[in-house]
Amino acid sequence: MIGYTLRRLIQVVFTVFALTVLVFLMLKLMPGDPAVVMAGIGAELEVIEGIREELGLNRPWPVQYWRFISGLFNGRLQAMTYHRSVWSVIFSRLPATIELGIFGILIALVVSIPAGLLSAIYRNSVLDYTVTTVALMGISIPVFWFALMLMLLFGVVLGILPVSGRGTSIALFGIQNLRVSFVTWDGFRHLIIPAVALASVQMAMNARLTRASMLEVLRQDYVTTARAKGLKERVVLVKHAFRNALAPVVTNVGLQIGTLIAGAVLTETTTAWPGIGRLMVEAISRRDQAVVFGLALFLAVFFQLSYLIVDLTYAYIDPRITYD
Amino acid sequence: MTKKRRLYLEPRDILLSLLLPGLGHLVRGFWEKSLVFFGALALFGTTMGMAVAKHRLTWFAGTDDYWFSSLMLFLFLLIVWVFAQFDLNRNIKSQSAKQYSFGYWALTARRFGRDAKGIMGLLIILLTVHVAIFAPFFSSGHNFEGVSGYVKPIQHAIKMNLRDFQAAPSGNHPLGTDNFGRDVLDRIIYGSRVALGIGVVATLLNMLLGGFLGLIGGYFRGTSDAVIMRILEVINSIPFLVLVLLVRGLWSGGVLSLMLTLGIFGLQPARIIRSEVLSVRESDYVSAAKAIGVPTWRIILKYVLPNAIASLMVVTTMSIGVNIIVVAGLSFLGYGVPPPTPSWGAMLQEAQEYMRTAWWMAVYPGLAIVITVFGFNILGDSLRDVLDPRLK
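Student: Summarise the overall build of chain A; cite the residues concerned and give the values.
Tutor: Scanning chain A for helices and strands turns up 13 helices and two strands. When the backbone C-alpha atoms are referred to their principal axes, chain A occupies close to 85 × 55 × 40 Å. Within chain A, the fraction of its 324 residues that count as buried is 38%. For chain A, the proportion of contacts with a sequence separation of at least 24, taken over those separated by at least 6, is 69%.

This is how it looks when you write it as structure tokens:
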């Protein structure tokens with residue numbers, strides 16, 4: 001188990017390394033000079049040269065790559081357009097995304113698990129058809145449009161929820177970058193629309209997964225046995241079926257991190273939620289190579305580690321699975 | 001004449017079918033089939049009617065847009081007419097010879113015919129494709145005041161007309177107009193070309209490239225497999241949308257480069273094909289074929305690909321939907337289809353600014369995305385049930 005984890009970790013390091021090289025090459029091959037963008041319109045040639053010198057843009061590529069990587073690891077790499085270090089930019093935005101993501105996952109699970117279970121228990125009923133159809137609709141709806149519609153309905157037409165932004169947030173433990181907003185009423189109201197929008201796809205996917213998993217469990221012999229020995233249906237479902245049906249659903253949450261990040265990019269941009277998804281779009285449009293690079297590295301590591309954790313959780317939950 | 005059943009195609013049937021496809025079927029008692037033909041005729045007839053009614057004056061005005069749609073209309077009608085003859089002949093023959101086919105595809109087709117979900121998905125997709133092909137016939141085509149001479153139909157979806165700035169839905173503009181006074185319905189209709197075009201081409205590229213890589217990796221194993229899998233891991237180490245956003249955001253570019261970007265980086269099919277190939281290559285019939293010296297390319301074509309085709313079809317259908325959503329998302333962020341080309345995602349981006357004043361700009365393009373993607377998703381879902389009953 002430890003050997004497997006180590007091997008996977010080494011693999012993650014190599015994959016992420018290759019990705020950073022890929023992203024670096026993309027950054028270097030892109031048209032448009034960041035120094036020119038930073039200097040502004042009508043800047044003197046000397047100023048542009050100065051910026052180039054300062055950012056090391058006139059050095060050979062391997063040197064620049066090393067500057068990026070080492071700068072990220074010792075935390076000294078400066079963002080090109082934010083006048084702060086890259087990590088401080090990313091970490092000032094991260095809590096908002098994590099908050100949004102956690103609420104999104106929670107909403108998705110709270111809605112989708114009961115829906116999926118009921119739809120499997122009452123298979124081929126009106127309820128089942130409704131759930132499966134709505135779930136299929138759910139994976140067909142673009143998150144950003146869903147967010148727009150929620151904003152239109154609850155923000156513009158009904159006027160009961162704020163349309164954009166994060167509202168008031170409170171710094172945790174007095175750390176300025178570690179701000180949470182759901183603890184305040186205003187912040188909580190701001191959180192609802194982006195979280196529900198972000199949850200929409202997860203909701204649909206998890207409902208389908210729960211249904212399939214529950215149907216699979218209900219076909220198992222031990223369920224038949226439990227019924228045959230005269231247990232009440234409620235006991236069969238709660239004690240024998242639910243637990244086994246929900247294990248794959250819960251571990252699958254880890255595999256949906258990718259969809260969640262992609263969804264966060266769109267949802268945060270739509271609802272002006274100041275998280276790392278919006279930071280990505282911003283940094284790209286500002287041609288801030290350092291932030292784009294750091295963010296790509298961060299997302300890749302995060303994404304890969306969550307996959308690794310899912311695999312390890314599988315082995316932990318199901319003793320039949322061993323990695324060696 | 002006796003009531004004896006005629007078991008061959010008669011001149012009368014040919015004549016009736018030539019007169020109106022489906023009539024021959026109706027007379028010979030294949031009324032379900034005749035309904036399909038009548039339905040197709042009604043659809044193409046309506047399309048033609050709209051074309052004639054709206055563009056009477058400019059029918060053959062010599063623009064590529066019209067030519068394409070007119071040619072397609074003619075082709076489709078020709079196909080309906082010719083196919084009616086062949087189909088009637090086939091039906092009568094199989095009726096007389098009592099031929100029933102129990103092959104895999106025949107059974108699959110029968111199962112699919114009973115699956116309402118799949119049929120509905122197919123109908124939605126066919127309608128979307130129909131609208132995309134005949135876009136100039138369906139677009140409103142009303143001329144701008146003050147614009148003299150001939151105006152290409154697509155111009156209604158592109159050109160500014162500030163006199164109609166954000167007009168609410170009305171008879172003249174069923175779905176309203178946007179912040180440049182362009183008709184929203186026209187833009188949605190032309191947007192379907194962009195969405196479907198990019199979605200389909202990108203998916204085909206995914207299938208070709210991903211399928212090829214998966215096939216090579218799965219069949220030859222060893223070093224090539226390891227290299228391919230590492231490439232896939234690197235590409236998959238960051239969410240697809242973020243990767244494509246990076247590429248597009250840093251380079252920008254037009255529709256063609258968008259297709260290429262999605263086509264090259266969406267390599268998901270490779271994994272599916274690879275696992276399929278891995279299981280097939282261990283089977284006894286492949287070993288037998290190898291033993292008698294069948295060349296590798298023939299084994300791949302004859303044994304490996306047919307086994308992978310079912311999952312390929314499902315993946316293709318689903319990923320067209322995914323690609324349409326990704327294109328919409330990229331366009332929404334401003335890195336997809338460049339303006340002024342009408343695209344659903346870009347329309348939503350413009351709509352966001354004016355949500356308080358023009359709700360129709362935000363609602364309808366999104367509905368178009370949802371309906372189209374829903375069509376592909378339910379078709380894919382149904383194909384999965386139908387093609388591989390084991391998975392149910």
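Student: Report on the overall build of chain B, specifying residues and quantitative values.
Tutor: Looking only at helices and strands, one finds 17 helices and zero strands in chain B. Considering only contacts in chain B between residues 6 or more positions apart, those separated by 24 or more positions represent 71%.

Student: Which residues make up the packing of helix H10 (residues 233-255) of chain A against helix H13 (residues 289-317) of chain A, and what values do they have?
Tutor: Packed helices, taken two at a time, are described by the angle their axes make and the gap between the axes. Residues and elements named next belong to chain A. The contact between H10 and H13 brings their axes to 8 Å, and the two run at 160°. The angle between H10 and H13 places the two elements in the roughly antiparallel class. Remark: the crossing between H10 and H13 carries right-handed chirality. For the pair H10 and H13, contact is made by Ala247, Thr251, Gly254 and Leu255 and by Ser306, Tyr307, Ile309, Val310, Thr313, Tyr314 and Ile317, respectively. A breakdown of the residues in the contact of H10 with H13 according to their chemical character gives seven nonpolar, four polar and no charged.

Student: Account for the interface of chain B and chain A, with residues named and values stated.
Tutor: With 34 residues of chain B in contact, the opposing surface of chain A contributes 38 residues. Listing elements by their share of the side of chain B that touches chain A, those giving two or more residues are helix H10 (222-236), helix H11 (240-251), helix H15 (296-333), helix H16 (344-353) and helix H17 (359-387) of chain B. In terms of residue count, the dominant contributor to the side of chain B that touches chain A is H17 of chain B (ten residues). By residue class, the composition of the side of chain B that touches chain A is 24 nonpolar, seven polar and three charged.

Student: With reference to specific residues and values, describe helix H9 (residues 184-220) of chain B.
Tutor: Since the α-helix packs 3.6 residues into each turn, any two residues three or four apart lie on the same face. Residues and elements named next belong to chain B. In a regular helix each residue adds 1.5 Å, so 37 residues correspond to 54 Å; H9 covers 52 Å between its end C-alpha atoms and thus fits that length. Taking the largest bend as the criterion, H9 deviates by roughly 25°, centred on Gly191. Among the 37 residues in H9, 27 count as buried, and that is most of the element. Immediately beyond the C-terminal end of H9, within one or two residues, lies Arg221, with a positive phi of roughly 50°.

Student: Describe the packing of helix H5 (residues 104-113) of chain B against H17 of chain B, listing the residues and the values that go with them.
Tutor: Residues and elements named next belong to chain B. It is the contact of H5 with H17, at a shortest axis distance of 9 Å, that shows an interaxial angle of 135°. Between H5 and H17, the crossing angle belongs to the class labelled oblique. Our pair here, H5 against H17, has a crossing hand that is right-handed. Note on element contacts: H17 touches H5 through Ser382, Val386 and Leu387, opposite Thr108, Arg111 and Phe112.

Student: Please give an account of the environment of Thr313 of chain A that cites residues and values.
Tutor: All names here are of chain A. Relative to the elements of secondary structure, Thr313 occurs in helix H13. The exposure class of Thr313 is partly exposed, given the 15 C-beta atoms found within 10 Å. Separated by 45 residues in sequence, Thr313 and Glu268 have C-alpha atoms that sit 30 Å apart.

Student: If you had to explain the nonpolar core to someone new, which residues and values would you point to?
Tutor: The biggest cluster of nonpolar side chains holds 152 residues, and the ones touching the most others in it are Leu295 and Ala296 of chain A together with Val242 and Leu245 of chain B. If we skip the residues at most four places from it in the chain, Leu295 of chain A touches Ile90, Ile276, Leu279, Met280 and Ala283 of chain A.

Student: Tell me about the confidence of the model for chain B, residues and numbers included.
Tutor: Residues and elements named next belong to chain B. Here chain B averages 81 in pLDDT, and 85% of its residues register 70 or above. Element-level mean pLDDT values for chain B span from 64 in helix H8 (residues 153-158) up to 91 in helix H6 (residues 116-133). Across the whole predicted complex the pTM is 0.86, and at the interface the ipTM reaches 0.87.

Student: Provide a residue-level description of unusual backbone geometry, including the pertinent values.
Tutor: Phi is positive for Ala272 of chain A, close to 55°, though the residue is something other than glycine. When the 13 C-beta atoms within 10 Å are taken as the criterion, Ala272 of chain A is described as partly exposed. At Arg221 of chain B, a residue that is not glycine, the phi angle is positive and equals roughly 50°. In this fold, Arg221 of chain B is placed in the loop between H9 and H10. Note on Arg221 of chain B: 14 C-beta atoms within 10 Å, which makes it partly exposed.

Student: So, H11 of chain B: which residues are in play, and what are the values?
Tutor: Residue and element names in this part refer to chain B. With twelve residues, H11 should cover 16 Å at 1.5 Å per step; its first-to-last C-alpha distance of 17 Å lies within 8% of that length. The element H11 is extensively covered by neighbouring structure, given that eleven of its twelve residues are classed as buried. Along H11, the positions that sit buried rather than exposed are Phe240, Leu241, Val242, Leu243, Val244, Leu245, Leu246, Val247, Arg248, Gly249 and Leu250. Just past H11, the residue Ser252 takes up positive phi, approximately 50°.

Student: Describe the environment of Arg248 of chain B, listing the residues and the values that go with them.
Tutor: Residues and elements named next belong to chain B. By the element assignment, Arg248 lies in helix H11. Overall, Arg248 belongs to the buried group, with 21 C-beta atoms counted inside 10 Å. Aside from chain neighbours lying at most four places away, what touches Arg248 is Leu258, Thr261, Leu330 and Tyr335.

Calculation rules
- Residues numbered from 1 in each chain as written.
- Chains lettered and ligands numbered in written order.
- Predicted model: local features only at pLDDT ≥ 70, side-chain atom pairs only at ≥ 80, totals over all residues.
- Helix = DSSP H or I, 4+ residues; strand = E, 2+ residues; numbered from the N terminus.
- Buried ≥ 20, exposed ≤ 12 C-beta atoms within 10 Å, placed from the backbone.
- Contact = placed C-beta atoms within 7 Å.
- Axes fitted to C-alpha atoms, helices over the stretch in contact; angles between N-to-C directions.
- Parallel < 35°, antiparallel > 145°, perpendicular 65-115°, else oblique.
- Left-handed = near helix turned anticlockwise from the far one by under 90°.
- Nonpolar A, V, L, I, M, F, W, Y, C, P; charged D, E, K, R; others polar.
- Expected span 1.5 Å × (residues − 1).
- Bend = angle between axes of the 7 residues up to and from the residue.
- Core = buried A, V, L, I, M, F, W, Y, C linked by C-beta atoms within 7 Å.
- pLDDT = per-residue confidence, 0-100.

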